[in-house]
Amino acid sequence: MFEDFTLTSYASASRLTNGQLERQAHIILKNNQLITFVESVSQMVLILNTHRQIIYANKSFLQFCKSSNLKSLIGQRPGESLNCENAFKTPGGCGTSELCKSCGGTKALLESIKGVKSTHECKILTRNSGAVDLRVTATPFNADGEKLTILSISDISHEKRRISLERVFIHDILNSAGAIAGLSSILKEIDDKEEMTEIASTIENAANNLIEEIKIQREFAVAERGELVPDLKETESIKILEELACIYSNHDVNPGKKILVHPASEKMCLKTDHVLLKRILGNMIKNALEAYQPNDEINLKCISAGQSIRFSVHNKSVIKKQIQLELFKRFYSTKGNGRGIGTYSMKLLGEKYLNGKVWFESSPTKGTTFFIEL
């Protein structure tokens, strides 16, 4: 009656076989009233069985996931049809990996299977390093004795981007602009040349931070649209790490931590976009700077890894398990709503535009290390 993939870290991995799926799909297709309704709404709609398998998808959903026909989706789970990278980490598929425990879509479906209408938000990182933010509502219903779920789906990516822009970008720009304005007004009242030079230097740093913040947001928007063109040039691995160590040792986000280039680092030449690579490694360093650990220091390292070069950023702190499950998702942050672009951009820039691999490891014995391999 069903295929049983026993290995799962969360939801059941079992699935109905093709004959059973066809019978369920036929029950839905002969219900003209239901089909007319789900095709008349602007939202994406899926109808799923108790194994979380798709037995019907309306045209809005087919268009969203760029599928040419319904038949190709029958039997898949939502994450598989949306190309969610977590849906392909285990043999059981969508909902069965450790990372699926934080998925709002799976939570909503499991609650619906228990007979409860449920709404959650769902952050998906796709296998091509894209991202989508969804709001899903799972509603239980019965059809010819079959327990099924109607899953309505709204794409809230634009809403999340707007919140991020308002709460983070504009907030940071106002802070920088306010600091520049305040220091400029003080400058007019000072006669001491040494003090004037010091304040002028602070104004220059604040202005540079403002410009950098605008560049980051512009770069991120262009990258998400798929329009970023990497500027590939020959560069040197150790030089990049030394530049970053210098920048972040004196950065205003550094609470006093030492940043060191590991002595085992290898001097290698590579052809890449060094601005994007520094952006990725810079975000890794910022994460390490924000983590609290007494007497912590940050080690930057680059070594050869077969035909590739592996860069890493290590510190002694440990990332909590729940945070690890969501770390690379867009707009996810432990620092409040609307943040969380930094870790997502590591994946987006590193994998989609530099054709590398980005990941992290974290444990009480080894601390936390972020990697990018090119």
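Just above sits the structure.
Q: How do you make sense of the nonpolar core when you look at a structure like this?
A: Nonpolar side chains in soluble globular proteins generally cluster together in the buried interior. The biggest cluster of nonpolar side chains holds 42 residues, and the ones touching the most others in it are Leu281, Met284, Leu300 and Phe311. For this core, the elements supplying multiple residues, two or more each, are helix 7 (193-224), helix 8 (237-249), helix 9 (274-290), strand 11 (297-305), strand 12 (308-315), helix 11 (341-353), strand 13 (357-363) and strand 14 (367-373). With sequence-adjacent residues up to four places away left out, phenylalanine 311 is seen in contact with Ser237, Leu241, Leu270, Leu277, Leu281, Lys301, Cys302, Phe370, Phe371, Ile372 and Leu374. One finds Ile47, Ala87, Ala138 and Ile153 within the second-largest nonpolar core, a separate group that totals 39 residues.

Q: Just checking my understanding: could you explain the sheet that holds strand 13 for this structure?
A: Hydrogen bonds along the backbone pair up the strands of a sheet, which may run parallel or antiparallel. The strand order 9-11-12-14-13 describes an open sheet built from 5 strands, whose pairing is mixed. Of all the strands in the sheet, the pair left with one neighbour each is strand 9 (258-261) and strand 13. Adjacent strand axes in the sheet meet at a mean angle of 15 degrees when their direction is disregarded. Of the strand pairs in this sheet, strand 9 and strand 11 are connected by 4 bridges, and their pairing is parallel. By the bridge assignment, isoleucine 259 is partnered in strand 11 with isoleucine 298. Docked against the sheet, helix 8 engages strand 9, strand 11 and strand 12, running at close to 170 degrees with respect to strand 11.

Q: It is not clear to me how helix 5 (residues 104-113) should be interpreted in this structure. Could you clarify?
A: The α-helix winds at 3.6 residues per turn, so residues separated by three or four positions along the chain end up facing the same way. Among the residues of helix 5, those classed as buried are Gly104, Gly105, Thr106, Ala108, Leu109 and Ser112. Buried residues belonging to helix 5 abut strand 3 (44-48), helix 4 (78-81), strand 5 (118-125), strand 6 (131-143) and strand 7 (146-155). In the segment just after helix 5, glycine 115 is the residue with positive phi, at about 95 degrees.

Q: Just checking my understanding: could you explain the packing of helix 8 against helix 9 for this structure?
A: Packed helices, taken two at a time, are described by the angle their axes make and the gap between the axes. Interhelical geometry of helix 8 versus helix 9 gives an angle of 45 degrees and a closest axis separation of 10 Å. The angle between helix 8 and helix 9 places the two elements in the oblique class. When you trace helix 8 past helix 9, the crossing you get is right-handed. For the pair helix 8 and helix 9, contact is made by Ile240, Leu241, Glu243, Leu244, Ile247 and Tyr248 and by His274, Leu277, Lys278, Leu281, Gly282, Ile285, Lys286 and Leu289, respectively. Residues that form the contact of helix 8 with helix 9 fall into these classes: 9 nonpolar, 2 polar and 3 charged.

Q: It is not clear to me how the packing of helix 7 against helix 9 should be interpreted in this structure. Could you clarify?
A: Orientation of helix 7 relative to helix 9, taken along the N-to-C sense of each, is 105 degrees, at an axis distance of 13 Å. The pairing of helix 7 with helix 9 is recorded here as roughly perpendicular in orientation. Contacts between helix 7 and helix 9 involve Glu212, Ile216 and Glu219 on the former and, on the latter, Val275, Leu276 and Arg279. Each residue belonging to the contact of helix 7 with helix 9 can be placed in one class, and the counts come to 3 nonpolar, no polar and 3 charged.

Q: How should I be thinking about the pattern of salt bridges in this particular structure?
A: Think of it this way: side chains of opposite charge can pair up when their charged atoms draw near. Counting across every chain of the model gives 16 salt bridges. A salt bridge links glutamate 219 to arginine 279; its shortest N-O distance comes to 2.9 Å. Note that glutamate 219 is positioned in helix 7 and arginine 279 in helix 9, a separation of 60 residues in sequence. Neither residue differs from the other here; glutamate 219 and arginine 279 are each classed as buried. The salt bridge partner of aspartate 231 is lysine 233, with a shortest N-O separation of 3.5 Å. The partly exposed category is assigned to aspartate 231, whose relative accessible area is 42%.

Q: Could you clarify how one ought to interpret the pairing of strand 12 in this entry?
A: As paired elements, strand 11 and strand 12 share 7 bridges and run antiparallel to each other. Its bridge partner lying in strand 12, cysteine 302 is registered against phenylalanine 311. Judged from the 6 bridges that link them, strand 12 and strand 14 form a sheet pairing that is antiparallel. From the neighbouring strand, asparagine 315 faces strand 14, where its bridge partner is threonine 368.

Q: Explain the pairing of strand 14 to me, please; I cannot follow it from the model alone.
A: The side chains of a regular strand alternate between both faces of the sheet. For strand 14, the buried fraction is high: 7 of the 7 residues fall into the buried class. Judged from the 7 bridges that link them, strand 13 and strand 14 form a sheet pairing that is antiparallel. Residue pairing across strands places serine 363 opposite glycine 367, the latter belonging to strand 14. Hairpin connection, strand 13 to strand 14: the antiparallel pair is bridged by 3 residues.

Q: Would you take a moment to explain the side chain of threonine 96 for this structure?
A: Summarising the element assignment, threonine 96 is placed in the loop between helix 4 and helix 5. A polar contact is formed between the side chain of threonine 96 and the side chain of threonine 90, at a distance of 2.6 Å. A distance of 2.6 Å separates the side chain of threonine 96 from the backbone oxygen of glycine 93, its partner in a polar contact. Those residues in contact with threonine 96 that lie beyond four places of it in its chain are Leu7, Thr8, Ser9, Tyr10, Ala11, Ser12, Ala13, Arg52, Arg77 and Thr90.

Q: So what exactly am I meant to see when it comes to the side chain of lysine 257 here?
A: Relative to the helices and strands, lysine 257 is located in the loop between helix 8 and strand 9. Within the structure, lysine 257 has its side chain in polar contact with the backbone oxygen of leucine 289 (distance 3.5 Å). A distance of 2.4 Å separates a polar side-chain atom of lysine 257 from the backbone oxygen of alanine 291. Aside from chain neighbours lying at most four places away, what touches lysine 257 is Ala288, Leu289, Ala291, Asp296 and Ile298.

Basis of the calculations
Residues numbered from 1 in each chain as written. Predicted model: local features only at pLDDT ≥ 70, side-chain atom pairs only at ≥ 80, totals over all residues. Heavy atoms only, no water. Core = buried A, V, L, I, M, F, W, Y, C linked by side-chain atoms within 4.5 Å. Buried < 20%, exposed > 50% of the residue type's maximum accessible area, 1.4 Å probe, protein only. Helix = DSSP H or I, 4+ residues; strand = E, 2+ residues; numbered from the N terminus. Contact = heavy atoms within 4.5 Å. Pairing = 2+ DSSP bridges. Axes fitted to C-alpha atoms, helices over the stretch in contact; angles between N-to-C directions. Parallel < 35°, antiparallel > 145°, perpendicular 65-115°, else oblique. Left-handed = near helix turned anticlockwise from the far one by under 90°. Nonpolar A, V, L, I, M, F, W, Y, C, P; charged D, E, K, R; others polar. Salt bridge = Lys/Arg side-chain N within 4 Å of Asp/Glu carboxyl O. Polar contact = N/O pair within 3.5 Å; in protein donor to acceptor, adjacent residues only side chain to side chain.

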